[in-house]
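What follows is the residue order along each chain.
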Amino acid sequence: MFRTIILILLASTTAAHAGPVAAAVSWLASSAVALYGSSTLFAGFVNTVALSFASSLLGPKVPKAQNTSGYDLSGVAPAADHAIVYGRQKVGGVIVFKETTRDNKDLQLIIAIAGHEIESVEEVYLNDEQITLAALSDGVQRTATAPEQYQDKVYVTAHLGSDDQSVDTNLSSESAKWDSTHRMQGIAYLYIKLEFDQDSFPQGEPTITAVVKGKKVYNPNTAVTEWTDNAAYILRDYLMSDYGLEAETTEIDNTSFIAAGNICDEAVALAAGGTEARYTINGSFATSTTPETIIEKMTASMAGSFWYAQGKFRIKAGAYVTPTVTFDEDDLRSNVKIQTRRSRRENYNVVAGEFRGEESDWIKTDYPEVRSQTFIDIDNGQESKTDLDLPFTTTSSRAQRIAKILLYRNRQQLVVSATFGLRAFQVQVGDVIMLTNSRAGWTQKPFEVLSWSMSPLDNDPSAISLTLSEISSSVYDWDADETAFDLDNTNLASAFVVPSVGVSVSSIGKIINEHVITTLQILVSSSQPERVDYVEVQFKKSSEGNDAFITVGTGDLGKFEVIDIENDTYDIRARAVNTFGVHSEFEYLYNFTIETFADPPQDVSDFHANVTNGSIALEWTPVTDLDLSFYRIRHAVEESGGTWANATTAVNKVARPANSVIVPSRAGTYTIKAYDKLGHSSNNYASIVIPSSDIAAFTTTLSQAEHTAFSGTKTGCSVTSNQLRITDTSSASPTSPATATYDFSTYIDTGSVRIIRSRIDVKVSRFNSTAGLWDDIPGLWDTWEGSWDSWTDTLFADHNVVMYISTTDDDPAGTPTWSDYKQYKSGDFSGRAFRFRIQLISEAANVSPSISELTARVEYN
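Note that the structure is a prediction, hence the values are computed from the model and not measured.

J.: What should I look at first to understand the overall build of the protein in this one?
T.: Scanning the protein from terminus to terminus reveals seven helices and 56 strands. Of all 861 residues assigned to the protein, the portion counted as buried reaches 51%. The contacts of the protein with a sequence gap of at least 6 include a subset with a gap of at least 24, amounting to 69%.

J.: What is the right way to look at the sheet that holds strand E41 (residues 615-621) in this model?
T.: Sheet strands associate in pairs through backbone hydrogen bonding, adopting either a parallel or an antiparallel arrangement. Sheet architecture is open: three strands sit in the order E40-E41-E44, paired in antiparallel fashion. Strands with a single pairing partner mark the edges of an open sheet, and in this sheet they are strand E40 (605-612) and strand E44 (660-664). Direction aside, neighbouring strands of the sheet carry axes that sit 20 degrees apart on average. The pairing of E41 with E44 spans five bridges and is classified as antiparallel. In the strand pairing of E44, Ser615 is matched with Pro664.

J.: Looking at this model, I keep getting lost on the sheet that holds strand E38 (residues 569-577). Mind explaining?
T.: The four strands are arranged E36-E35-E38-E39 in an open sheet whose pairing can be described as antiparallel. The open sheet has two edge strands, strand E36 (550-555) and strand E39 (587-593), and neither has a second partner. Averaged over all adjacent pairs, the angle separating strand axes in this sheet is 20 degrees, with direction ignored. In this sheet, E38 lies alongside strand E35 (residues 534-541) in antiparallel orientation, the contact comprising eight bridges. Note that in E38 the partner of Lys541 across the bridge is Tyr570.

J.: What exactly am I supposed to notice about unusual backbone geometry here?
T.: Trans peptide bonds make up the majority, and among non-glycine residues the majority have a negative phi. Between Ala146 and the following residue, Pro147, the backbone shows a cis peptide bond with an omega angle of -5 degrees. His707 connects to Thr708 through a cis peptide bond whose omega is 5 degrees. Summarising the element assignment, Thr708 is placed in the loop between strand E47 (700-705) and strand E48 (713-715). A positive phi angle, close to 55 degrees, is found at Asp606, a residue other than glycine. Along the chain, Asp606 turns up in strand E40. Not every positive phi belongs to a glycine, and Asn846 is a case in point at roughly 70 degrees. Among the secondary structure elements, Asn846 is positioned in the loop between strand E55 (826-842) and strand E56 (847-860). A relative accessible area of 22% places Asn846 in the partly exposed class.

J.: Teacher, can you tell me more about the packing of helix H3 (residues 231-240) against helix H5 (residues 291-301) here?
T.: Geometry of a packed helix pair, given as the angle between the helix axes and the separation of the axes. Closest axis-to-axis distance for the H3/H5 pair is 10 Å, and the angle between their directions is 170 degrees. By the angle between their directions, the pair H3 and H5 is classed as roughly antiparallel. Where H3 crosses over H5, the two elements pack in a sense that is left-handed. Along the contact surface, H3 presents Ile234, Leu235, Tyr238 and Leu239, while H5 presents Pro291, Ile294, Ile295, Met298 and Thr299. Tallied by class, the residues present in the contact of H3 with H5 amount to eight nonpolar, one polar and no charged.

J.: What should I look at first to understand the nonpolar core in this one?
T.: Nonpolar side chains tend to gather and get buried jointly when the protein is soluble and globular. Judged by nonpolar contacts, the single largest core of 52 residues is most densely connected at Tyr86, Leu235, Leu239, Tyr279, Phe285 and Met298. Mapped onto this core, the elements with two or more residues apiece are strand E5 (83-86), H3, helix H4 (254-265), H5, strand E20 (305-309), strand E21 (312-316) and helix H7 (396-411). Of the residues forming this core, the biggest block, seven residues, is contributed by H3. The residues contacting Met298, other than those within four sequence positions of it, are Tyr86, Ile234, Leu235, Tyr238, Ile281, Phe285 and Phe392.

J.: Please explain a negative patch on the surface as it appears in this structure.
T.: A contiguous patch of negative charge on the surface is contributed by Glu117, Asp138, Asp163 and Asp164. Within the secondary structure layout, Glu117 lies in the loop between strand E8 (106-114) and strand E9 (120-126).

J.: Looking at this structure, how should I read the pattern of salt bridges?
T.: Opposite charge on two side chains makes pairing possible when the charged atoms of those side chains draw close. Tallied over the entire structure, the rule returns 38 salt bridges. With a closest N to O distance of 3.0 Å, Asp237 and Lys215 form a salt bridge. Of this pair, Asp237 sits in helix H3 while Lys215 sits in the loop between strand E14 (208-213) and strand E15 (216-219), placing them 22 residues apart in sequence. The two residues Asp237 and Lys215 agree in class, both being buried. A salt bridge links Asp761 to Arg857; its shortest N-O distance comes to 2.6 Å. With Asp761 in strand E52 (residues 748-768) and Arg857 in strand E56, this pair connects stretches of sequence that are 96 residues apart. Among the residues examined, Arg857 registers a relative accessible area of 24% and is labelled partly exposed.

J.: Even after reading the chapter, I still don't get the environment of Glu148, so can you show me in this structure?
T.: Looking at the element boundaries, Glu148 is found in the loop between strand E11 (141-143) and strand E12 (154-159). Looking at Glu148, the relative accessible area reads 31%, which means it is partly exposed. The spatial distance from the C-alpha of Glu148 to the C-alpha of Glu585 is 6.7 Å, given a sequence separation of 437 residues. Beyond its immediate sequence surroundings of up to four residues, Glu148 is in contact with Arg573, Glu585, Phe586 and Tyr588.

Calculation notes
- Residues numbered from 1 in each chain as written.
- Predicted model: local features only at pLDDT ≥ 70, side-chain atom pairs only at ≥ 80, totals over all residues.
- Heavy atoms only, no water.
- Helix = DSSP H or I, 4+ residues; strand = E, 2+ residues; numbered from the N terminus.
- Buried < 20%, exposed > 50% of the residue type's maximum accessible area, 1.4 Å probe, protein only.
- Contact = heavy atoms within 4.5 Å.
- Pairing = 2+ DSSP bridges.
- Axes fitted to C-alpha atoms, helices over the stretch in contact; angles between N-to-C directions.
- Parallel < 35°, antiparallel > 145°, perpendicular 65-115°, else oblique.
- Left-handed = near helix turned anticlockwise from the far one by under 90°.
- Nonpolar A, V, L, I, M, F, W, Y, C, P; charged D, E, K, R; others polar.
- Core = buried A, V, L, I, M, F, W, Y, C linked by side-chain atoms within 4.5 Å.
- Patch = residues over 30% accessible without salt bridge, like charges linked within 9 Å, V, L, I, M, F, W, Y side chains within 5 Å.
- Areas by Shrake-Rupley, 256 points an atom, 1.4 Å probe, with all protein chains shown as cover.
- Salt bridge = Lys/Arg side-chain N within 4 Å of Asp/Glu carboxyl O.
- Lys, Arg positive; Asp, Glu negative; His and termini not counted.
- Charge placed at Lys NZ, Arg CZ, Asp CG, Glu CD.

Following this line, the structure appears as structure tokens:
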């Protein structure tokens, strides 16, 4: 369970800010000029201070700037800097309160995500897996509804950080350590409650992050303070914030910021279709990060320039501006210095770097590098790469656009330095002008102003020195040719994201120790098996609830089996678990019906007989069905027209795998069917006729016919229409058959003790008092062949007649001693006199054997 951990609560709800930080702004061009000091120093007269995205990267490569990603993950820190969030970004935060309640069953967390008010919290992630919540409203608690393992286990409340923010009443009701004074005013935070469950949190406390729409900023173009990711307006907000440069409104050149903001909002076409804003800032950083670093990265996010001149901060976004001013030789007040080419170490032909956004799962990832084969060829085939990390850029297409501007801007290598006359007062850093110089062969060639400074001359005290860099509109052209972005295939997959599995199901029959069983086979697969440590497989009957799932097993991907399962409809589910105990969502397969061995067995074929010495050997070709159980053989006295139903059972069961049986010799028709383990019989019967001529004849035959009067002793049977039937079969069934007995009216006396052969000939038919209702048809009649109107009672064997004989050596007319009745079909017996009995049996309601002829025979030589 969660350990009980209580951090020191916030002593104050007032936002903390970075202390006085020296603002350092610099630029690098043909020469370097820098000024350092607090923001108040900018109030004085400054000739030139400029930070240009393009020019700052022209010099030698310098170490990477400080981290500008804020808090990527949530963690505990006793004293941490506030995070600032602009635009939309996935962020972590600082855990400022942690406590377990309800006997260690609930973990209470407060995670500070920003040191200011934010627009909204859009998404919440546990271990980089998004949980499904209703839209998060300020101060309203929401319950996770997905993924499955987090249902009713995770509760989230978002507080957006207003200055009049009230206490979270949900937490204050759960914890005695959080009361109405803990309002966290001016701090955006998440209150998270986790209810402990081993399956939900196999690794313990999860890492929590959120996708946040950050600070609302002032738009000087509309005079409205609202959320935006416009790079120009966000930079303006940073300059004026107390965690930035704390610039006054009078120190902001709103005209340049509005112009840059309009450029940032321009729609740019994408290769895949659609558009996106030209430049945005979406990211976070800690207040400990120096303003120099933040300003540099924000300026890079708009491929622009930032400078301070004439007492104001000014910016320019990366876009070509058609020149309106042209200078020529008449404007010059000095010689012209021309730098035609930079050194090799300042040249590059490939630009690469990192960005971080939704398409990279909010992970710092390399955007496709931008290279120019033309520039590589110019550099004698030698690749030279520079790094351009864009921590506030969230799409690879936008990152490539900015990188392309940098690459092409770098190859605009002409740099001009000269002193100009009074007309140069109308331009400033960032402007594009036309320059005409016949000696250099330039006619209205565009240049960008990199620096501007007063340079009084004896003959012209208003002279101005300009440093100009060659520029072309093609630097900013973009024809939607960005490289399609893919995650780096060598990056390790997230440990908290487990791939789903595929589930397929089948059922087969097996024989184990002559026992036929049904086996449910479940095949579990994955397209990423290397990320799966093992899988869990479960099943239940579809008619049962989710709490009835039974674990089949855990193990490697592949086949799982449920052995000896009954025919029914089942739900199956499986999920993957990785090495860290994190599992995927269950993959379900619903309503899989098992009907193994539901079909009847094959019909018996090649049924034949051999008659020898008073017996008949019956043989047939074995039925190959796995679920075959036995064969049943019936006998009818008719040598023509005998059927399965109008017969008596000769052999009740011939167990598999036998395919022959010896029966006493009787003329008539023998029929046979195969039966499976479920008691289903083959659709049709096979038959063979044993003619009387094949049976050995005796010199003397004595008989006793009981029909049609049937005057013997009846127990449970009666005569109707000259036929003997069971009187009541209304409740007969296979498990509780109806029976009746009939004792013959007299015996047969041979006059002396001798060996005789006896049999009882019964001509029987199936009588159904319901006239054949559908509901009364036994067996799987929907599997029978042929048309329903061709079915007759000849298909059924739900009735039988069993024969019995009793013998005596005494004179039956005196006081004989009779043997017990014993069951027989046909056989040899010793005695003088013989008496007979039959038993009528029905295994179906309203069905009875109906005997029209009944004769006992005794034969001897």
